[in-house]
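Take a look at the letters that make up each chain.
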Amino acid sequence: MAEPADPAESAGAAEADGAGGATAVESGKGPRRIGVLLVVAVLAFLIDLGSKLLVVARLENHAAIKVVGDVVTFQVIRNSGAAFGMGQALTVVFTMIASAVIVVIWRIARRLYSLPWAIALGLLLGGALGNLTDRLFRAPGVFRGHVVDFISVQHFAVFNLADSAIVCGGILVVLLSFRGSNPDGTVHQQAEKAAK
């Protein structure tokens, strides 16, 4: 015959169950958003790749095409530097940085439950992959390839759609961080309360 449970033990078990229940509720943030991240990343990558193939085939070694007067034009420029033509002597370094960014995003993706974060990281991943592809497969060689830029804005820079995806993703990450949103779907204030 089983002995009656000690009231103190029962209370402790209830507290543990309560804590476990809270943890279960907190972790039940809905489905992980890896699929969204991958879809956004693949779309950003394919749009960037397609645009580069098109402009290289049609515009390279040709006169610039005016899109909005002289303010926005399309002209192909091979860029050995980072986004917007910065750091042209550091091609290999930027290749390594892009590779590291991809690894970090993939690690974050394992605990990704937030839809806005999935979109932001997808843009960053797709953009990084787009420019990394140029670094790996375009002349003058592996890890030293020059990125194809073709959108020229007067008094600004020449860039590509991968650069645009990276910038948009970065801005979204900053906005989400300011709002206290975490990739796992929690909010900073909630996390602080849970810790207390």
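Q: Looking at this model, I keep getting lost on helix α5 (residues 161-178). Mind explaining?
A: Think of an α-helix as 3.6 residues a turn; residues three or four steps apart then line up on the same face. With 18 residues, α5 extends 26 Å from end C-alpha to end C-alpha; this agrees with the ideal 26 Å at 1.5 Å per step. If you check which residues of α5 are buried, you get Ala 162, Asp 163, Ala 165, Gly 169, Val 173 and Leu 176. Buried positions in α5, seen along its axis, are confined to an arc of 160 degrees and lie on one side of it. Tucked inside the fold, the buried residues of α5 contact α2 (34-58), α4 (115-137), β3 (147-153) and β4 (158-159). N-capping of α5 is provided by Asn 160, with a side-chain oxygen placed 2.9 Å from the backbone N of Ala 162. Among the residues trailing α5, Gly 180 stands out with phi positive, at a value near 85 degrees.

Q: What should I look at first to understand the pairing of β3 in this one?
A: For β3, the buried fraction is high: six of the seven residues fall into the buried class. With six bridges connecting them, strand β2 (residues 72-79) and β3 associate as antiparallel partners. When the sheet's bridge partners are listed, Arg 78 is paired in β3 with Val 148. For β3 and β4, the ladder comprises two bridges, and the chain directions are antiparallel. Looking at the pairing, Ser 152 lines up with Val 158 of β4. Taken together, β3 and the strand that follows it, β4, pair antiparallel across an intervening segment of four residues, in which His 155 is found at a positive phi of about 65 degrees.

Q: When you look at unusual backbone geometry in this model, what are you seeing that I'm missing?
A: Leaving glycine aside, a negative phi is the common case for residues, and trans is the common case for peptide bonds. Cis rather than trans, the peptide bond between Ala 139 and Pro 140 has omega equal to 15 degrees. Note on placement: Pro 140 falls in the loop between α4 and β3. Even without glycine at this site, Asn 61 takes up a positive phi of about 65 degrees. Mapped onto the elements, Asn 61 comes out in the loop between α2 and β1 (65-68). With a phi angle near 70 degrees, Phe 143 is a residue other than glycine that sits in the positive phi range.

Q: What's the story with the side chain of Asn 131 in this structure? I'm lost.
A: As for its placement among the helices and strands, Asn 131 is situated in helix α4. Residue classification places Asn 131 among the buried residues on the basis of a relative accessible area of 11%. A polar atom in the side chain of Asn 131 sits 3.2 Å from the side chain of Asn 160.

Q: I keep staring at the packing of aromatic side chains and nothing clicks. Help me out?
A: Any aromatic ring pair is given by two values, namely how distant the centres are and how the planes are angled relative to each other. Taken as a whole and assessed by the stated rule, the structure comprises two aromatic pairs. On the basis of an interplanar angle of 75 degrees and a centroid distance of 5.8 Å, the ring pair of Phe 74 and Phe 150 is categorised as edge-to-face. Remark: Phe 150 occurs in strand β3 and Phe 74 occurs in strand β2; sequence separation between them is 76 residues. Classification of Phe 74 as partly exposed rests on a relative accessible area of 28%. Between Phe 156 and Phe 159, the ring centres sit 6.2 Å apart and the planes meet at 75 degrees, which makes this aromatic pair edge-to-face. Classification of Phe 156 by relative accessible area gives exposed; the value is 55%. Accessibility expressed as a relative area gives 11% for Phe 159, which makes it buried.

Parameters and conventions
- Residues numbered from 1 in each chain as written.
- Predicted model: local features only at pLDDT ≥ 70, side-chain atom pairs only at ≥ 80, totals over all residues.
- Heavy atoms only, no water.
- Helix = DSSP H or I, 4+ residues; strand = E, 2+ residues; numbered from the N terminus.
- Expected span 1.5 Å × (residues − 1).
- Buried < 20%, exposed > 50% of the residue type's maximum accessible area, 1.4 Å probe, protein only.
- Arc of directions from axis to C-beta.
- Contact = heavy atoms within 4.5 Å.
- Polar contact = N/O pair within 3.5 Å; in protein donor to acceptor, adjacent residues only side chain to side chain.
- Pairing = 2+ DSSP bridges.
- Phe/Tyr/Trp six-rings, centres within 6.5 Å; stacked < 30°, edge-to-face > 60°.

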